[in-house]
Amino acid sequence: MSVKQEAAKLNTGMRNTVPLVHNITNYVTVNDCANALLAIGASPIMADDMLEAADITAISSALVINIGTLNQRTIESMILAGKRANELGIPVVFDPVGAGASKLRNETTQRILEQVEISILRGNLSEVSYVAGLSASTKGVDTSEEDSDKDALAVAKTAAEKLSCTVAVTGAVDVVSDGARAVRIFNGHPMLSKITGTGCMASAVTGGYAGMKQDAFTAAAAGVMSMGIAGEIAYEKAGHMGTGSFRVALMDALSMLNEQMIEEMGKIEEAKH
Amino acid sequence: MSVKQEAAKLNTGMRNTVPLVHNITNYVTVNDCANALLAIGASPIMADDMLEAADITAISSALVINIGTLNQRTIESMILAGKRANELGIPVVFDPVGAGASKLRNETTQRILEQVEISILRGNLSEVSYVAGLSASTKGVDTSEEDSDKDALAVAKTAAEKLSCTVAVTGAVDVVSDGARAVRIFNGHPMLSKITGTGCMASAVTGGYAGMKQDAFTAAAAGVMSMGIAGEIAYEKAGHMGTGSFRVALMDALSMLNEQMIEEMGKIEEAKH
Amino acid sequence: MSVKQEAAKLNTGMRNTVPLVHNITNYVTVNDCANALLAIGASPIMADDMLEAADITAISSALVINIGTLNQRTIESMILAGKRANELGIPVVFDPVGAGASKLRNETTQRILEQVEISILRGNLSEVSYVAGLSASTKGVDTSEEDSDKDALAVAKTAAEKLSCTVAVTGAVDVVSDGARAVRIFNGHPMLSKITGTGCMASAVTGGYAGMKQDAFTAAAAGVMSMGIAGEIAYEKAGHMGTGSFRVALMDALSMLNEQMIEEMGKIEEAKH
């Protein structure tokens, strides 16, 4: 079965199973993440106090850590939840939002990578490059990068090997690599960078797929491809109206997405490292 | 006058009076709660620092406490605001989001119930069951329960007697009980559980009605019925488009809701305990 | 060139330059602020921990401080970020949400005004009056004021002189004054007060314009006028549907706004102090 077919089947599986996904995330896009998870067939729970973070992780099928508006209080919760997830074999998705932009984000990223075993890292080229130790410039958190997908592929592979996990670099073309295997995903639309939260939603949705305990590589491909396809459908339907309508149509599309649509619309191909 | 007629009149009254409702709530659905209150004719204010929570409660007509993303800082604010509300005779709505899911939520729920006199408790069957000491399982915070409404009625009555307040259990059928009186409300649509925040919004909107100083039983019935009717209208208009459009249509419906619509569309009947 | 022409050109300039705007803001409307900044052609970044606030300000073109849900932790971050902005000549927009409503908001407002040099103050008549020391009553944060625009003009001038900055008082008619110059802006629609966040978005968008390093007076006029025009377009398109659709149409309009539309739709006139 191809990665696309596996990803497509995973969507049906998720809608039947409704995995609970624990998110420790930022307050800018948290509502979008919750609604994206519900739309794609999972169930979101948000909890970020250190007195309950690990308990909530323990009843969840996946943990998504997003440092978009990290603070000293929630950083400790991320670490505690991540460690508990590791103990219980619960997959951890890490979204290093803005890594490279401040000392706090950089140090927190390091701490998380040292203390928590990550299943899937998802970020843009700038963020993943920073994590992979390849460069350290970031301009904001909604930056659209136009770097070539060749760079993305190399960065994803390096990060995957360094962290022993699956890495998804999203951009004009998305790349997923686990160090051995790699795919390029050609779905998506530039308008996705004109609303906030599409990266965060991609990570959240990937958490839903990861919660199905399929291998991480397939889960990451499914998450990224789902967002990309939804973006295309949303642009087609509402892109001409503006970013408000596009955002609504994006959630509509995520909620209507199914196995058959992924099979038909997914544009994914194996990539050579 | 029937409960439905009283609830309907309360809607007109609220739109004329525009009660200020203080919310100490979660960061996932806080924007939805603010917009729902504005839509229904009330005015929202959010403040959760312990240095101002009680002051803000003191200028408000109702207080809504929601533990969806509680943390150690805001828990103290909830207690302080709740106590001040009690001193001033300001009604308190409590939404025990995820009660049963972690020790912190359970202990906080206990603390609030011990230190604050609640006017209206609103939750799903799992949450209210936990509060009523009847069971303690929770799966996430957006769970849809398919338990029979008989259970809900019994749970609502038990909780109402135990806490000496009005209890609203929302689900496929909603139940409101104050221990003596009880109603079943048959409005609503399953799609309400496919977007985040509809429970939180029900509690917030109930806070608006409670701010009218009508009796708590009528306020709770009005809040729950308003959300249910809005859900029906939204589904009719936009359900086929997806959850993004449904969410927008839900807010539209809340903002267009009026006395006559509640009279015509409300499906509420007395229930025997 | 008239203020309107300058403001219109600034819109094109911003879309070409995409200034990064650091927001330390409230969790109620933070998502709206981020999307509004993206819609108008800027790039948002949110960061409120004291260990990174100043670092993030240092890489930004403007800082927007909004005390809508201030807390002891973020207050320190606002001060640190504001001071760094002053050191680097980065303009600071201050939105004193709910000033007058609690001792904490009042004291924080004082602290910010004492320790940070503000470029632009944007608030409603009640809030700016409080800041200007003219009165101290506030009813919530979404209050619509019907006070005459004469009052607004006097209040704006007094505040501008007292704080040596540009002041924008938004309401039925908006006023912008820097103490010497003043304009009245007749754009907007009452429905803007029926959704949460339009004030916050006006401040955020003003931060985008201020990030262009044009003079603060023009930036404030551009920000307020942009929101007003977008409100008119949104009402025309979706006002009859309800507040949910209006909110979506507002973001659509912001994202579609351009130089020519501001030139054609802007209703701005010089005012005599």
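Just so it is clear, the model here is predicted, and its values are computed rather than measured. (Residues numbered from 1 in each chain as written. Chains lettered and ligands numbered in written order. Predicted model: local features only at pLDDT ≥ 70, side-chain atom pairs only at ≥ 80, totals over all residues. Heavy atoms only, no water.)

J.: If you had to explain the sheet that holds strand E1 (residues 20-24) of chain B to someone new, which residues and values would you point to?
T.: All names here are of chain B. Reading across the sheet, the nine strands line up as E2-E1-E3-E4-E5-E6-E7-E8-E9 and stay open at both edges, with mixed pairing between neighbours. Unpaired on one side and paired on the other, strand E2 (43-46) and strand E9 (268-270) mark the two borders of the sheet. Across the sheet, the axes of successive neighbouring strands diverge by a mean angle of 20°, strand direction being ignored. Across four bridges, the pairing between strand E3 (residues 62-66) and strand E4 (residues 92-95) is parallel. Within the sheet, the bridge partner assigned to Val64 lies in E4 and is Val93. (Pairing = 2+ DSSP bridges. Helix = DSSP H or I, 4+ residues; strand = E, 2+ residues; numbered from the N terminus. Axes fitted to C-alpha atoms, helices over the stretch in contact; angles between N-to-C directions.)

J.: Can you explain the relation of the copies chain A and chain B? Please cite residues and give values.
T.: The transform that puts chain A on chain B rotates by 120° and translates by 0.0 Å along the axis, for an RMSD of 0.0 Å. On this basis, the relationship between the two copies can be described by a three-fold rotation axis. Considering only C-alpha atoms, the residue of chain A closest to the rotation axis is Tyr27 of chain A, which sits at 3.6 Å. (Least-squares fit on C-alpha atoms with pLDDT ≥ 70 in both.)

J.: Which residues make up the nonpolar core, and what values go with them?
T.: Residues Tyr209 of chain A, Tyr209 of chain B together with Tyr209 of chain C are the most contacted members of the largest nonpolar core, which totals 164 residues. Residue contacts for Tyr209 of chain B: discarding those within four places in its chain leaves Ala7, Leu10, Asn11, Met14, Ile40, Ala219, Ala222, Gly223, Ser226 and Ile262 of chain B. (Core = buried A, V, L, I, M, F, W, Y, C linked by side-chain atoms within 4.5 Å. Buried < 20%, exposed > 50% of the residue type's maximum accessible area, 1.4 Å probe, protein only. Contact = heavy atoms within 4.5 Å.)

J.: Could you give an account of the interface of chain C and chain A, with specific residues and numbers?
T.: Facing 31 residues of chain C, the contacting portion of chain A comprises 30 residues. The largest per-residue losses of area from chain C upon contact with chain A belong to Asn31, Leu38 and Glu52 of chain C, which jointly make up 20% of the total buried on that side. For the pair chain C and chain A, the interface holds one salt bridge. Between Glu52 of chain C and Arg105 of chain A there is a salt bridge, with its nearest N and O atoms 2.8 Å apart. Scanning the region where chain C abuts chain A turns up 13 residue pairs in polar contact (both at pLDDT 80 or more). Secondary structure elements with two or more residues in the side of chain C that touches chain A: helix H2 (30-40), strand E2 (43-46), helix H3 (53-58) and helix H10 (243-256) of chain C. Class assignment for the residues of the side of chain C that touches chain A results in 18 nonpolar, five polar and eight charged. (Buried area = accessible area lost by both parts, 1.4 Å probe. Salt bridge = Lys/Arg side-chain N within 4 Å of Asp/Glu carboxyl O. Polar contact = N/O pair within 3.5 Å; in protein donor to acceptor, adjacent residues only side chain to side chain. Nonpolar A, V, L, I, M, F, W, Y, C, P; charged D, E, K, R; others polar.)

J.: Before we move on, can you summarise the interface of chain A and chain B with the specific residues and values?
T.: If you look at the interface, chain A gives 32 residues, while chain B gives 30 residues. Roughly 2400 Å² of surface becomes buried between chain A and chain B when both sides are summed, with 54% attributable to carbon and sulfur atoms. Among the residues chain A hides against chain B, the three largest losses belong to Asn31, Leu38 and Glu52 of chain A. Together they make up 20% of the total. Scanning the region where chain A abuts chain B turns up one salt bridge. If you list the elements that add at least two residues to the side of chain A that touches chain B, you get helix H2 (30-40), strand E2 (43-46), helix H3 (53-58) and helix H10 (243-256) of chain A.

J.: So what about the pattern of salt bridges? Which residues, and what values?
T.: Any two side chains of opposite charge can pair, given that their charged atoms come close. On inspection of all chains with the given rule, the structure shows 45 salt bridges over all chains. In this structure, Asp48 of chain B engages Arg73 of chain B in a salt bridge whose closest nitrogen and oxygen atoms are separated by 3.2 Å. One end of the pair, Asp48 of chain B, is in the loop between E2 and helix H3 (53-58); the other, Arg73 of chain B, is in helix H4 (residues 72-88), and 25 residues separate them in sequence. With relative accessibility at 4%, the residue Asp48 of chain B sits in the buried group. On the accessibility criterion, Arg73 of chain B (25% relative accessible area) is partly exposed. Across the salt bridge formed by Arg84 of chain B and Asp55 of chain B, the nearest N and O atoms sit 4.0 Å from each other. Highlighted residues: Arg84 of chain B in helix H4 and Asp55 of chain B in helix H3, separated in sequence by 29 residues. We classify Arg84 of chain B as partly exposed; its relative accessible area is 27%. What you see here is one network of salt bridges that share partners, running through Asp48, Asp49 and Arg73 of chain A.

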